[in-house]
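# Commentary on secondary and tertiary structure
In case you want the letters, here they are:
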Amino acid sequence: MNLQPINSNLLPKLKVCGLTKPEQIQELISMRVDFLGFIFYEKSPRYVLNHLSLEEISTINHQGKVGVFVNEELDIIVKIVQHADLNFVQLHGDESNDFILGLRQKLNPKVGIIKVIRIGNIDSDNKDKIAQTLSSNLQPVTYYLFDTDSKAFGGTGKQFDWNILNDFTIPLPYFLSGGISEENIRNTETLKKRPFALDINSKFETEPGNKDIDRIKKFKNLYQQNR
């Protein structure tokens, strides 16, 4: 596929999620990937603690280490963030406003919070729920992340209809996730509010947790050649 680079003035940052292998993490750091995602959800096939300890994660020299949590206890999140020296917490479950406020109070102020909004079947009730979430504009939230809804809480490689985002006022910078690949990356140009960052995972794996580094390099070069 011979595509020309996307307009370099509108380039999003890049997050690679579901990391488990130290050598691949170091390659991504050398590629200047902006965010490194570590999944702390035991039911995920990319559960990082099956591969790396909190101490090992803490020694990774990067300012964009993201811990992904799904309906986890507040104190456990705080403990993991501290011991793994994470820079961001990504809440991928059904965490309430009160939970997020409580988490913000216990986290170091330098740690950002990314709240995931999962998008599935879009009927009027779901659209109202998403609009209400966005209009609340939670002050403790640093970024939103839009992903395809699934029982697995992400990592499906399936894309939702990105154009639905044009129906909402999005008050914060956001990550776009859910089946992003070389074939559909240009579709982001139809979005009225462009993503702050792209979040890639299962489309760039040979198996869960094992990234195809060469493919990630090609994808990054596709739209970030002049960055």
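Scroll up a little and you will see the structure.
Our subject in this report is the structure included herewith. (Residues numbered from 1 in each chain as written. Predicted model: local features only at pLDDT ≥ 70, side-chain atom pairs only at ≥ 80, totals over all residues. Heavy atoms only, no water.)

### Digging into the overall build of the protein
When helices and strands are tallied, the protein shows six helices and ten strands. Considering only contacts in the protein between residues 6 or more positions apart, those separated by 24 or more positions represent 63%. Accessible surface, the protein as shown: approximately 11200 Å² in total, 43% of it carbon and sulfur. (Helix = DSSP H or I, 4+ residues; strand = E, 2+ residues; numbered from the N terminus. Contact = heavy atoms within 4.5 Å. Areas by Shrake-Rupley, 256 points an atom, 1.4 Å probe, with all protein chains shown as cover.)

### As for the pattern of salt bridges
When their charged atoms lie close together, side chains carrying opposite charge are able to pair. Within this structure, the stated rule accounts for nine salt bridges. Of the charged contacts in the structure, one is a salt bridge between Lys106 and Asp75, with a shortest N-O distance of 2.8 Å. Here Lys106 is found in helix α4 (residues 97-106), whereas its partner Asp75 is found in helix α3 (residues 74-84), with 31 residues between them in sequence. Put simply, Glu95 and Lys115 hold a salt bridge, and the shortest N to O gap is 3.7 Å. Here the residue Glu95 occupies a position in the loop between β4 (88-91) and α4, and Lys115 occupies one in strand β5 (residues 112-119), the gap between them amounting to 20 residues. The class for Glu95 is buried, based on a relative accessible area of 10%. (Salt bridge = Lys/Arg side-chain N within 4 Å of Asp/Glu carboxyl O. Buried < 20%, exposed > 50% of the residue type's maximum accessible area, 1.4 Å probe, protein only.)

### Concerning the pairing of β4
Two faces belong to every sheet, and in a regular strand the side chains alternate between them. Neither face of β4 is open: one carries Phe88 and Gln90, the other Val89 and Leu91, and all of them are buried. In terms of handedness, the path from strand β3 (residues 65-69) via α3 over to β4 forms a crossover that is right-handed. Summarising the sheet, β4 and β5 pair through four bridges and their orientation is parallel. Paired with Phe88 across the bridge in β5 is Gly112. (Right-handed = clockwise from strand over helix to strand, strands pointing away. Pairing = 2+ DSSP bridges.)

### Quick word on the sheet that holds β4
Judged by pairing direction, the barrel is parallel, and its eight strands sit side by side in the order β1-β2-β3-β4-β5-β6-β7-β8 before closing back on the first. Geometrically, the sheet is characterised by an average inter-axis angle of 25 degrees between neighbouring strands, direction not taken into account. As paired elements, β5 and strand β6 (residues 143-148) share six bridges and run parallel to each other. Opposite Ile114, over in β6, you have Tyr143 as the bridge partner. (Axes fitted to C-alpha atoms, helices over the stretch in contact; angles between N-to-C directions.)

### Digging into the nonpolar core
Phe38, Leu103, Phe146 and Leu165 are the most contacted members of the largest nonpolar core, which has 59 residues in total. Per element, the largest residue contribution to this core is six residues, and it comes from α3. Non-local contacts of Phe38, meaning those with residues more than four positions away in its chain, are made with Leu19, Ile25, Val48, Leu52, Ile57, Ile60, Lys65, Val66, Gly67 and Val68. Among the nonpolar cores identified, the runner-up in size contains nine residues, and Phe88, Val116, Tyr143 and Leu145 belong to it. (Core = buried A, V, L, I, M, F, W, Y, C linked by side-chain atoms within 4.5 Å.)

### Examining unusual backbone geometry
Most peptide bonds take the trans form, and the phi angle of most residues other than glycine is negative. The residue Asn71 is not glycine, and still its phi comes out positive at about 50 degrees. Positionally, Asn71 belongs in the loop between β3 and α3. A relative accessible area of 41% places Asn71 in the partly exposed class. The residue Asp85 is not glycine, and still its phi comes out positive at about 55 degrees. Mapped onto the secondary structure, Asp85 falls in the loop between α3 and β4.

### A few points about the packing of aromatic side chains
For the structure on display, the rule yields ten aromatic pairs. Here Phe40 and Phe69 contribute two aromatic rings whose centre-to-centre distance is 5.3 Å and whose plane-to-plane angle is 10 degrees, an arrangement assigned as stacked. Within this pair, whereas Phe40 is found in the loop between β2 (35-39) and α2 (54-58), its partner Phe69 is found in strand β3, the two being separated by 29 residues in sequence. The buried category is assigned to Phe40, whose relative accessible area is 4%. Summarising the aromatic geometry, the rings of Phe88 and Tyr143 are spaced 6.1 Å apart at their centres and angled 40 degrees between planes, so their arrangement reads as tilted. Of this pair, Phe88 sits in strand β4 while Tyr143 is found in strand β6, placing the two residues 55 residues apart along the sequence. A relative accessible area of 12% means that Phe88 is categorised as buried. A relative accessible area of 14% means that Tyr143 is categorised as buried. Counting every residue linked through ring pairs, the aromatic cluster contains Phe35, Phe88, Tyr143, Phe175 and Phe196. (Phe/Tyr/Trp six-rings, centres within 6.5 Å; stacked < 30°, edge-to-face > 60°.)

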